[in-house]
Structure formats: structure tokens, C-alpha cells
Amino acid sequence: MRRKPRRTAQRRPCRHPQQHETDWLGRTYFGCPVCNRWKLTKPKHAPADGKRLAA
Ligand SMILES: [Zn+2]
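Residues numbered from 1 in each chain as written. Predicted model: local features only at pLDDT ≥ 70, side-chain atom pairs only at ≥ 80, totals over all residues.

A.B. asks: Is there a simple way to think about the sheet that holds strand S1 (residues 19-22) in this case?
C.D. replies: Within a sheet, each strand pairs with its neighbour through backbone hydrogen bonds, oriented either parallel or antiparallel. Read across the sheet, three strands follow the order S1-S2-S3 without closing on themselves; strand pairing throughout is antiparallel. Edge strands, defined here as strands with exactly one partner in the open sheet, are S1 and strand S3 (37-41). Sheet twist, expressed as the average angle between the axes of neighbouring strands with direction ignored, equals 35°. Note that strand S2 (residues 28-32) and S3 share five bridges and pair antiparallel. When the bridges of S3 are listed, Gly-31 appears paired with Trp-38. (Pairing = 2+ DSSP bridges. Helix = DSSP H or I, 4+ residues; strand = E, 2+ residues; numbered from the N terminus. Axes fitted to C-alpha atoms, helices over the stretch in contact; angles between N-to-C directions.)

The structure is reproduced here in C-alpha cells:
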């Protein structure tokens, strides 16, 4: 009986250099191009610098 210890719940990123990628839809992914693991990151709201779009 083989039991392979799986570490899928690993929160730590791998040792490869992580990098950000933005697709043509403007979505930003953060992950490792070597492992081909990408995680969609939500775009941060623009800082309130006095500009406010009227409703
Ligand atoms: Zn990696």
C-alpha cells in the first residue's frame, strides 16, 4: 500500500521566482511560470486621491 504524502494545502509558494501576469482581460495572475500555477488576484481599488466618479 502506497501512501504518498500530499502537500496540496501548502500555502507557501514554491522556490521559483513568482511573477505577475496580466491577461488581455486585465485580470492579474500571480504565480509560478515554472510550475504553471497561477492564482487570480483581485485588482486593488484605486486609492482615493480626490477623484471620485459620480454615480
Ligand atoms: Zn514553481
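A.B. asks: Explain the pairing of S1 to me, please; I cannot follow it from the model alone.
C.D. replies: Where a strand is regular, its side chains alternate between the two sheet faces. As paired elements, S1 and S2 share four bridges and run antiparallel to each other. Within the sheet, the bridge partner assigned to Gln-19 lies in S2 and is Gly-31.

A.B. asks: Mind showing me how you'd approach the pairing of S2 here?
C.D. replies: Turn length for the S1-S2 hairpin, with the two strands adjacent in sequence and antiparallel, is five residues, and the turn residue Gly-26 shows positive phi of about 90°. Joining the antiparallel neighbours S2 and S3 is a turn of four residues, in which Asn-36 adopts a positive phi near 60°.

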